[in-house]
Amino acid sequence: DAKTTQPTSMDCAEGRAANLPCNHSTISGNEYVYWYRQIHSQGPQYIIHGLKNNETNEMASLIITEDRKSSTLILPHATLRDTAVYYCIVSRAGTALIFGKGTTLSVSS
Amino acid sequence: ETGVTQTPRHLVMGMTNKKSLKCEQHLGHNAMYWYKQSAKKPLELMFVYSLEERVENNSVPSRFSPECPNSSHLFLHLHTLQPEDSALYLCASSQEIGGRTGELFFGEGSRLTVL
């Protein structure tokens, strides 16, 4: 059973912010929200994760709604190298991460 | 460089061959994983090890046999595979399984072709 719902694909202009949504309406209180991306034929790359609070690192920001039923990954200034499949995953301690189909983000100049 | 190294990067084998994929992590992590990615499909979790003990086996056929001799090394032994087993096999490690310190670090993968 899919625990997250993401759009199949999104487009973004280079230099603009890319906002990738994820719905996880059945998330439990002890489940974290993880984001990964996979560039063609490479291993997935960890981006960011969080529980309740918004998080930011050098790659992206993660905005989690107050009810925790959805989140948004923000790439503040998308570049062509950000073109990839982005995965939103929920996981609690002791449960391995399960990848869904993700969102294919296409960044164009 | 993620700290997870997989060898070989490419492997071609016949259906009657026996081969092994190797994974090594230099991150001091406690958990290691095998994932499979077939063409145009999501990653599928195959096996999970925590502190060298297998904790998850997702209905994987017995022609795939994992081995975790220590917390830094993970093998996937392959025998009598089928052409449909051709895929990218990805190894990953994490501090713990899921939760706060469950972020996965992946290797580059081993591209397997079964003839």
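All residue numbers refer to positions counted from 1 along the written sequence of the respective chain. All chains are assigned letters beginning with A, and all ligands numbers beginning with 1, in the order in which they are written. Local features in this predicted model are restricted to residues of pLDDT 70 or higher, and side-chain atom pairs are both shown and tallied only at a pLDDT of 80 or more, whereas totals for entire chains, interfaces and linings draw on every residue. Side-chain numbers come from the whole structure's heavy atoms, not from hydrogens or water.

Caption draft 1: View of the packing of aromatic side chains. Pairing of aromatic side chains here covers Phe, Tyr and the six-membered ring of Trp, requires ring centres within 6.5 Å, and sorts the geometry by plane angle: under 30 degrees stacked, over 60 edge-to-face, intermediate tilted. Inspection of every chain in the model, using the stated rule, returns 11 aromatic pairs over all chains. Considering the side-chain rings of A:Tyr87 and A:Phe99, the 5.3 Å spacing of their centres and the 85° angle between planes classify their relative orientation as edge-to-face. Residue A:Tyr87 is located in strand 8 (residues 84-91), and its partner A:Phe99 is located in the loop between strand 8 and strand 9 (103-108); the two are separated by 12 residues in the primary sequence. Accessibility classification places A:Tyr87 together with A:Phe99 in one group, the buried group. In textbook terms, an aromatic cluster arises when at least three aromatic residues are bridged by ring pairs, as seen for A:Tyr34, A:Tyr36, A:Tyr46, A:Tyr87, A:Phe99, B:Tyr33, B:Tyr35 and B:Phe106. Under the scheme used here, helices are H or I runs from DSSP no shorter than 4 residues and strands are E runs no shorter than 2 residues, and both carry numbers assigned from the N terminus. Each residue is assigned to one of three classes by its accessible area relative to the maximum for its type, calculated with a 1.4 Å probe on protein chains only: buried under 20%, partly exposed between the two thresholds, exposed over 50%.

Caption draft 2: Structural detail: the sheet that holds strand 8 (residues 73-79) of chain B. Residue and element names in this part refer to chain B. What the 4 strands build is an open sheet, ordered 1-3-8-7; its pairing is antiparallel. Each edge of the open sheet is held by one strand with a lone partner, namely strand 1 (4-7) and strand 7 (64-70). Neighbouring strand axes in the sheet, compared pairwise and without regard to direction, differ in orientation by 20° on average. DSSP calls a pair of strands paired once it identifies at least 2 bridges connecting them. Pairing between strand 1 and strand 3 (residues 18-25): 4 bridges, direction antiparallel. Whenever a helix is involved, its axis is fitted only over the stretch in contact; in every case the axis is a line through C-alpha atoms, and angles between N-to-C directions fall within 0 to 180 degrees.

Caption draft 3: Layout of the sheet that holds strand 1 (residues 9-13) of chain A. Residues and elements named next belong to chain A. The 5 strands lie next to each other as 1-9-8-3-4, forming an open sheet whose pairing is mixed. Taken across any chain shown, the strands that pair with only one partner, and hence form the sheet edges, are strand 1 and strand 4 (45-50). Across this sheet, the average inter-strand angle for adjacent strands is 25°, counted without regard to direction. In this structure, strand 8 lies alongside strand 9, joined through 3 bridges in antiparallel fashion. Residue Tyr86 lies in a different strand from strand 9, and its bridge partner there is Thr103.

Caption draft 4: Local environment of the state of the cysteines. Cysteine sulfurs are considered disulfide-paired once they come within 2.5 Å of each other. Following the criterion strictly, the structure yields 2 disulfides over all chains and no others. Sulfur-sulfur distance for the disulfide between A:Cys22 and A:Cys88 comes to 2.1 Å. Between A:Cys22 and A:Cys88 the disulfide shows an S-S torsion of about -85°. By sign, it is left-handed. With A:Cys22 in strand 2 (residues 18-23) and A:Cys88 in strand 8, the pair connects residues that are 66 residues apart, well separated along the chain. With respect to burial, A:Cys22 and A:Cys88 carry one shared label: buried. Here B:Cys23 is linked by a disulfide to B:Cys91, with a sulfur-sulfur distance of 1.9 Å. For the disulfide bridge between B:Cys23 and B:Cys91, the dihedral angle about the S-S bond is near -75°, and by the sign convention the bridge is left-handed. Here B:Cys91 lies in strand 9 (residues 87-94) and B:Cys23 lies in strand 3, a separation of 68 residues in the sequence. The same class applies to B:Cys23 as to B:Cys91, namely buried.

Caption draft 5: Main features of the environment of A:Met10. Residues and elements named next belong to chain A. By secondary structure assignment, the location of Met10 is in strand 1. When the C-alpha atoms of Met10 and Leu105 are compared, they prove to be 4.9 Å apart, with 95 residues separating the residues in sequence. Residues are treated as being in contact if the distance between any of their heavy atoms lies within 4.5 Å. Once you skip the residues sitting within four places of it in the chain, Met10 turns out to touch Asn19, Leu20, Pro21, Thr103, Thr104, Leu105 and Ser106.

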